[in-house]
Amino acid sequence: MTTTAVPDHLREAVETLWHYHDLRHELRPCDVGIGLGSHDPGVAVIATELFHRQLFPWLVFTGANAPTTVREFPRGEALHYRDYAVTHGVPADRVLVETKATNTQQNLTFTRDLLVAAGIPVTSVLLMSRPYQQRRAYATCRKVWPEVEVVCASRPLSLDDYVASIGDAKRVIDMLVGDTQRIMEYPKRGFAIPQDVPDEVRVAYEVLVAAGYTSRLVSPTAPRPSRPSIDDDD
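Below you will find a few notes about this structure. Note that the structure is predicted; figures quoted are calculated from it, not measured. (Residues numbered from 1 in each chain as written. Predicted model: local features only at pLDDT ≥ 70, side-chain atom pairs only at ≥ 80, totals over all residues. Heavy atoms only, no water.)

**Focus: the sheet that holds strand E5 (residues 149-153)**
And then number 1: The strand order E3-E2-E1-E4-E5 describes an open sheet built from five strands, whose pairing is parallel. Two strands close off the open sheet at either side, each with one partner strand: strand E3 (95-98) and E5. Taking the axes of each pair of neighbouring strands and ignoring which way they run, one obtains an average angle of 25° across the sheet.
And then number 2: Relative to strand E4 (residues 124-128), strand E1 (residues 32-36) runs parallel, the two sharing four bridges. In the strand pairing of E4, Gly-35 is matched with Met-128.
And then number 3: Each of E1, strand E2 (59-62), E4 and E5 touches helix H2 (residues 42-52); the most contacted strand, E4, lies at about 140° to it. (Pairing = 2+ DSSP bridges. Helix = DSSP H or I, 4+ residues; strand = E, 2+ residues; numbered from the N terminus. Axes fitted to C-alpha atoms, helices over the stretch in contact; angles between N-to-C directions. Contact = heavy atoms within 4.5 Å.)

Below you can see the structure in the form of structure tokens.
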């Protein structure tokens, strides 16, 4: 049965991972804002809000879709995000879309190529993602696009408010666990820069793995899947 309640006996572990992935960057103007595609419509919401705060003059939405997003976004994540932004006042000629990426590395490399082709110079980017994707998005961008400065942002929601917005506590916890594993695993594969993982984060991760929140884990020895259904972005 789907529930929006974080289990009481696991709350400390879940909160530990939730706060770890929130980089709490101070927002500042950047050359371009990039909304990373996923199942979370909140990415389009925060991207629209920050455009109206004049934090970037160009907005790129990037993402195809995955088995778990095709029902919500049948034309692809980026196009649906764009529709939201334009409907809420972002000028259409200030929004670019990248519709082929199926993981975070592709989100960033394909977006970089799109901006080069459009003749838009970029020295800084404001990455907007799900709250628990901030740390991995940052680490991936520093690996594949090291010449730009990176600021990360998400909707400023509490854990409980975010779970309520998604409507499924298990899905959120599974994703938190999966992203934590990727912070540890992806630098070994050359997908991201290494980051510090405090002991309390490792302990919380192991507690939640032992509790069965494992559906978004990747095999330590498997290559990146061709689709993101178990990789990172659905």
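Next, the rest of the story.
**Here's the deal with the layout of surface pockets**
And then number 1: Quantified by volume, the largest pocket comes out at close to 270 Å³.
And then number 2: Around the largest pocket, the lining comprises 18 residues; the ones closest to its centre are Asp-22, Gln-134, Ser-154, Arg-155 and Pro-156.
And then number 3: Where the lining of the largest pocket is concerned, the elements lending two or more residues are helix H1 (11-21), H2 and E5.
And then number 4: A class-by-class count of the residues in the lining of the largest pocket yields ten nonpolar, four polar and four charged. (1 Å grid on protein atoms, 1.4 Å probe; cavity = no way out; pocket = protein on both sides within 12 Å on 5 of 7 lines; lining within 4 Å. Points joined across faces, edges and corners; volume = space filled by probe spheres on them. Nonpolar A, V, L, I, M, F, W, Y, C, P; charged D, E, K, R; others polar.)

**Some details on the packing of H1 against helix H8 (residues 199-210)**
And then number 1: Put simply, H1 and H8 touch, their axes get as near as 9 Å, and they point 130° apart. Put simply, H1 runs oblique to H8. Crossing geometry of H1 relative to H8 is assigned as left-handed. Residues Ala-13, Val-14, Thr-16, Leu-17 and Tyr-20 of H1 lie in contact with H8, whose contacting residues are Glu-200, Val-201, Ala-204, Tyr-205, Val-207 and Leu-208. (Parallel < 35°, antiparallel > 145°, perpendicular 65-115°, else oblique. Left-handed = near helix turned anticlockwise from the far one by under 90°.)

**Observations concerning the pattern of salt bridges**
And then number 1: Summed over all chains, the structure comprises eight salt bridges.
And then number 2: Counted as one network, the salt bridges with shared partners bring together Arg-11, Glu-15 and Asp-160. (Salt bridge = Lys/Arg side-chain N within 4 Å of Asp/Glu carboxyl O.)

**A look at the packing of aromatic side chains**
And then number 1: By the definition in use, this model includes five aromatic pairs.
And then number 2: Residues Phe-61 and Tyr-81 carry aromatic rings whose centres are separated by 5.6 Å and whose planes lie at 75° to one another, so their mutual orientation is edge-to-face. You can see Phe-61 sitting in strand E2 and its partner Tyr-81 sitting in helix H3 (residues 77-87), a full 20 residues away along the chain.
And then number 3: For Tyr-81, a relative accessible area of 1% corresponds to the buried category.
And then number 4: Both rings, one in Tyr-186 and one in Phe-191, keep their centres 5.0 Å apart while their planes meet at 85°; by these two values the pair is edge-to-face.
And then number 5: Taking the relative accessible area as the measure of exposure, Tyr-186 reaches 2% and is therefore buried.
And then number 6: Members of the aromatic cluster, each reached through a chain of ring pairs, are Trp-18, Tyr-132 and Tyr-162.
And then number 7: In this structure, Arg-94 packs its charged tip against the face of Trp-58, placed 4.1 Å from the ring centre. (Phe/Tyr/Trp six-rings, centres within 6.5 Å; stacked < 30°, edge-to-face > 60°. Buried < 20%, exposed > 50% of the residue type's maximum accessible area, 1.4 Å probe, protein only. Lys NZ or Arg CZ within 6 Å of the ring centre and 35° of its normal.)

**Remarks on the environment of Ile-193**
And then number 1: Inspection of the secondary structure assignment puts Ile-193 in the loop between helix H7 (169-189) and H8.
And then number 2: Here Ile-193 falls in the partly exposed class, since its relative accessible area comes to 25%.
And then number 3: Spatially, the C-alpha atoms of Ile-193 and Cys-141 are 8.6 Å apart, while their sequence positions differ by 52 residues.
And then number 4: If we ignore the near neighbours within four places in the chain, the residues touching Ile-193 are Tyr-138, Ala-139, Arg-142, Lys-143 and Pro-187.

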